[in-house]
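Chain by chain, the residues run as shown.
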Amino acid sequence: MTKASAGKAQGFRILGIDPGYARTGYAILDCVHDHFRVVDYGLIETSAQTPFPERLLTIDRALTSLCDRFSPDAMAIEELFFYRNITTAIGVAQARGVAVAAAARQGLEIYEYTPMQVKLAVTGYGNAAKEQVQAMVKAILGLREVPKPDDVADAIAIAICHGHSGNRKEALAVGGYQ
């Protein structure tokens with residue numbers, strides 16, 4: 001058994017992703033019977049001065065490295081929701097696509113959740129405020145403080161949502177694209 005898989009012997013390891021092209025939040029959680037253990041979390045950042053294709057490549061390489069290092073069983077990612085700024089939406093969609101492709105290349109099952117599903121799974125209320133979600137992330141994981149920035153806390157919440165969904169096949173990423 002590898003060091004990365006030792007903690008997930010009886011459960012499963014989730015890679016949670018809050019996609020973005022400037023900041024992609026990630027979280028690696030082990031889930032055993034609805035109990036979570038933090039393995040790692042953080043932020044993949046790219047500079048606005050870097051050409052966009054290189055920014056996407058940075059995200060791809062970082063996610064591939066995380067998968068190689070931590071051997072997740074599945075990736076949970078937030079569905080793209082409506083943006084008022086179409087340029088931002090297109091960029092986020094491209095970063096999301098890179099994350100999905102990186103996980104697919106690793107052979108992971110990919111699950112997607114709407115922001116409302118994540119809020120409901122973490123707080124019990126689908127219209128919860130960001131602060132409520134963050135407080136529950138802190139409480140569920142027994143953390144001393146809310147992970148910062150918001151992208152990281154959101155990635156953790158997405159991973160928790162997936163853990164609570166129980167790896168259901170109905171949550172596999174299809175999102176109306178197929």
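Can you break down the side chain of D154 residue by residue, with the values?
With respect to the element layout, D154 can be found in helix 6 (residues 150-165). Here K130 takes part through its side chain, which lies 3.1 Å from a polar atom of the side chain of D154. Sequence-distant contacts of D154, defined by excluding residues within four places in its chain, comprise D18 and K130.

Tell me about the pattern of salt bridges, residues and numbers included.
Inspection of the entire model under this criterion finds seven salt bridges. Between D30 and R37 there is a salt bridge, with its nearest N and O atoms 2.7 Å apart. Note on D30: relative accessible area 2%, which makes it buried. Using a relative accessible area of 41% as the deciding quantity, one classes R37 as partly exposed. D154 is the partner of K130 in a salt bridge, and the nearest nitrogen-oxygen pair spans 3.1 Å. Here the residue K130 occupies a position in helix 5 (residues 130-141), and D154 occupies one in helix 6, the gap between them amounting to 24 residues. Taken together, the salt bridges that share partners define one network made up of R13, D30 and R37.

Rules used in this analysis
Residues numbered from 1 in each chain as written. Predicted model: local features only at pLDDT ≥ 70, side-chain atom pairs only at ≥ 80, totals over all residues. Heavy atoms only, no water. Helix = DSSP H or I, 4+ residues; strand = E, 2+ residues; numbered from the N terminus. Polar contact = N/O pair within 3.5 Å; in protein donor to acceptor, adjacent residues only side chain to side chain. Contact = heavy atoms within 4.5 Å. Salt bridge = Lys/Arg side-chain N within 4 Å of Asp/Glu carboxyl O. Buried < 20%, exposed > 50% of the residue type's maximum accessible area, 1.4 Å probe, protein only.

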